[in-house]
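# Geometric and topological summary
Here's the letter readout for the chains.
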Amino acid sequence: MIAIVGGGLAGLACALELHRSGAEFVLLEAAPVVGGRQRTSRKDGFILDHGFQVVLSSYGAVASVCDIASLRPCWFESGALLHDGRRLTHLVSPFQNPVSALFSPAFSIGDKFRLARLGAELLFTPCKKLLARCASTADFSTRAFLKQRGFSESFFSRFAQPFFGGVLLDNELATSAGLFLYYLKKFLTGRAWIPAAGIQALPEALATRLPSTLLRLKTRVAAISHDRNGVVLENGETIRADQIILALDAPSLARLLCLPTPPPARGVSVVYFKTQTSLYEDPCIVLPEGQSRRVRHFVQITNVARGFAPEGWHLISATILDDGGLSTEQLANEAAREISGVFPRAAGALEHLETIQVPYAVPGQAPGFAARNAFPDLPQNVYACGDWERGASIQAALRSGIETAKRVLCG
Ligand SMILES: Cc1cc2nc3c(=O)[nH]c(=O)nc-3n(C[C@H](O)[C@H](O)[C@H](O)COP(=O)(O)OP(=O)(O)OC[C@H]3O[C@@H](n4cnc5c(N)ncnc54)[C@H](O)[C@@H]3O)c2cc1C
């Protein structure tokens with residue numbers, strides 16, 4: 001018998017792999033629903049993801065664990081609207097439309113050349129090699145990497161910081177350059193989509209492939225039993241298990257193993273507005289330039305997924321990395337002001353719908369982060385997996401779960 005603790009993507013992918021091989025297991029999840037950090041709620045007919053999250057078509061693991069078509073993917077355009085404080089420029093991916101990208105006024109000729117060269121290099125570099133860099137002492141920060149490659153300050157502030165700041169949830173781009181390059185490759189070679197019913201539909205799709213009797217929700221594990229032959233639940237019940245797989249986020253894992261709290265993580269707030277005034281038509285995000293901005297990026301999400309709002313309404317999601325300690329109301333006012341700075345017709349037309357705070361979104365991923373085994377010396381029959389292993393992403397969480405199941409099956 002195997003006990004999997006945690007029903008996020010890693011735990012679910014692990015469970016699916018064990019189920020395919022006929023192993024006997026039970027999955028124990030503390031929350032009343034599966035999905036962990038992939039959470040969606042509903043309010044007044046609007047669909048609200050807990051943080052702006054997208055799946056990339058270049059994430060190979062997704063197709064191996066679910067039927068993508070059944071999630072009714074809503075596709076983003078591979079590009080963005082850049083706002084430099086005065087005007088909007090439409091940036092298209094150089095890999096989708098090289099001619100348009102060549103003539104785009106978004107970047108200088110020099111930056112276009114540097115980006116094209118970097119993109120070409122990445123096409124021929126396996127993801128494994130890029131991720132290996134995250135474990136190397138030669139890894140440095142994304143900001144330092146872009147500087148070393150000669151990218152201009154304008155490229156940094158107009159594109160790299162708003163776009164990758166939002167992806168890595170890191171305003172300073174102090175995150176590992178290896179991880180940045182991995183993501184850049186995934187974005188260049190894939191397209192972003194979201195499930196029509198919200199991001200939580202993805203983990204739910206995995207769960208529907210598992211017998212419901214093997215999923216125990218509202219079941220928090222309080223400890224690994226002293227003789228290590230199982231886990232002890234919050235209510236005192238012991239579940240016997242020969243092997244224990246801890247498919248947990250890094251802070252929960254540290255708590256359960258009585259280890260020190262892991263290095264600082266990154267959080268995010270998302271402010272949702274409803275409006276009957278459409279701000280723009282394109283199915284892509286808007287990247288406002290400037291470090292001092294509160295809103296890192298925003299998107300009229302209904303341009304991509306019409307079903308996220310009731311008929312006649314549009315839904316705007318604004319991602320905020322640093323809330324500056326502002327109250328929910330102040331934050332919403334500031335976000336509305338910044339969005340109106342980009343689209344003047346938004347002034348007075350945005351109604352604050354909800355603010356969702358995600359204090360733990362992704363682990364801190366400083367240069368060389370993967371070199372340090374965050375959880376060494378696990379007891380012999382205890383395994384751990386999750387997105388903290390190799391760089392937080394949907395792909396990383398799924399792969400970590402699948403590979404851990406294979407290790408357990410190999411004994
Ligand atoms: C705001 C935000 C935006 C993101 N954007 C993207 C994106 O655009 N693209 C992308 O690829 N990735 C993105 N990610 C990252 C991605 O969502 C995560 O990497 C992935 O969901 C992590 O899955 P996991 O299974 O490793 O961890 P989790 O989802 O954290 O799962 C851990 C599970 O363990 C459960 N648990 C904890 N303690 C216990 C206990 N004691 N007993 C039982 N159960 C317990 C929790 O309830 C949870 O369900 C984003 C994440 C966030 C939060």
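That block above? That's the structure.
Computed from a predicted model, the values in this text were never measured in an experiment.

The number of helices and strands found in the protein is 12 helices and 20 strands. The C-alpha radius of gyration of the protein comes to 22 Å, within 12% of the 22 Å expected for a compact globule of 411 residues. Its C-alpha atoms give the protein principal-axis dimensions of roughly 65 × 50 × 40 Å. Across the 411 residues of the protein, 56% fall into the buried class. Nonlocal contacts in the protein, meaning residues at least 24 apart in sequence, comprise 72% of its contacts between residues at least 6 apart. Summed over its atoms, the accessible surface of the protein is roughly 17,400 Å², and 53% of this surface lies on carbon and sulfur atoms.

The subject of this paragraph is the pattern of salt bridges. With the rule as written, the count across this model stands at 17 salt bridges. With a shortest N-O distance of 4.0 Å, Arg390 and Glu389 are connected by a salt bridge. What makes Arg390 partly exposed here is its relative accessible area of 30%. A single salt-bridge network, built from bridges that share partners, covers Glu389, Arg390, Arg399 and Glu403.

Here we take up the layout of surface pockets. Of the volumes computed, that of the second largest pocket is approximately 650 Å³. Considering the residues around the second largest pocket, the lining is formed by 29 residues, among which Phe369, Arg372, Asn373, Ala374 and Trp388 are closest to the centre. The element that contributes the greatest number of residues to the lining of the second largest pocket is helix α10 (residues 250-256), accounting for 3 residues. Classifying every residue of the lining of the second largest pocket by side-chain character gives 20 nonpolar, 5 polar and 4 charged.

Neighbouring the ligand are 35 residues; Glu29, Arg37, Tyr59, Asp387 and Ile394 lie closest to it. In the model, a nitrogen atom of the ligand is placed 3.1 Å from a nitrogen or oxygen of the Ala30 main chain. Contacts to the ligand include Arg37, whose side-chain N or O atom sits 2.8 Å from an oxygen atom. When residues of the shell around the ligand are traced back to their parent elements, those giving at least two are α1 (9-20), β19 (351-362) and α12 (394-410). Classifying every residue of the shell around the ligand gives 17 nonpolar, 13 polar and 5 charged. Looking at which domains feed residues into the shell around the ligand, each of domain 1 (2-38 + 200-263 + 375-410) and domain 2 (41-75 + 193-197 + 266-362) supplies at least three.

Reading the values: rules and limits
- Residues numbered from 1 in each chain as written.
- Predicted model: local features only at pLDDT ≥ 70, side-chain atom pairs only at ≥ 80, totals over all residues.
- Heavy atoms only, no water.
- Helix = DSSP H or I, 4+ residues; strand = E, 2+ residues; numbered from the N terminus.
- Rg over C-alpha atoms; globule rule 2.2 N^0.38 Å.
- Buried < 20%, exposed > 50% of the residue type's maximum accessible area, 1.4 Å probe, protein only.
- Contact = heavy atoms within 4.5 Å.
- Areas by Shrake-Rupley, 256 points an atom, 1.4 Å probe, with all protein chains shown as cover.
- Salt bridge = Lys/Arg side-chain N within 4 Å of Asp/Glu carboxyl O.
- 1 Å grid on protein atoms, 1.4 Å probe; cavity = no way out; pocket = protein on both sides within 12 Å on 5 of 7 lines; lining within 4 Å.
- Points joined across faces, edges and corners; volume = space filled by probe spheres on them.
- Nonpolar A, V, L, I, M, F, W, Y, C, P; charged D, E, K, R; others polar.
- Near = heavy atom within 4 Å.
- Polar contact = N/O pair within 3.5 Å; in protein donor to acceptor, adjacent residues only side chain to side chain.
- Domains from an automatic or database assignment.

Don't take any of this as a statement about function, it's just geometry.
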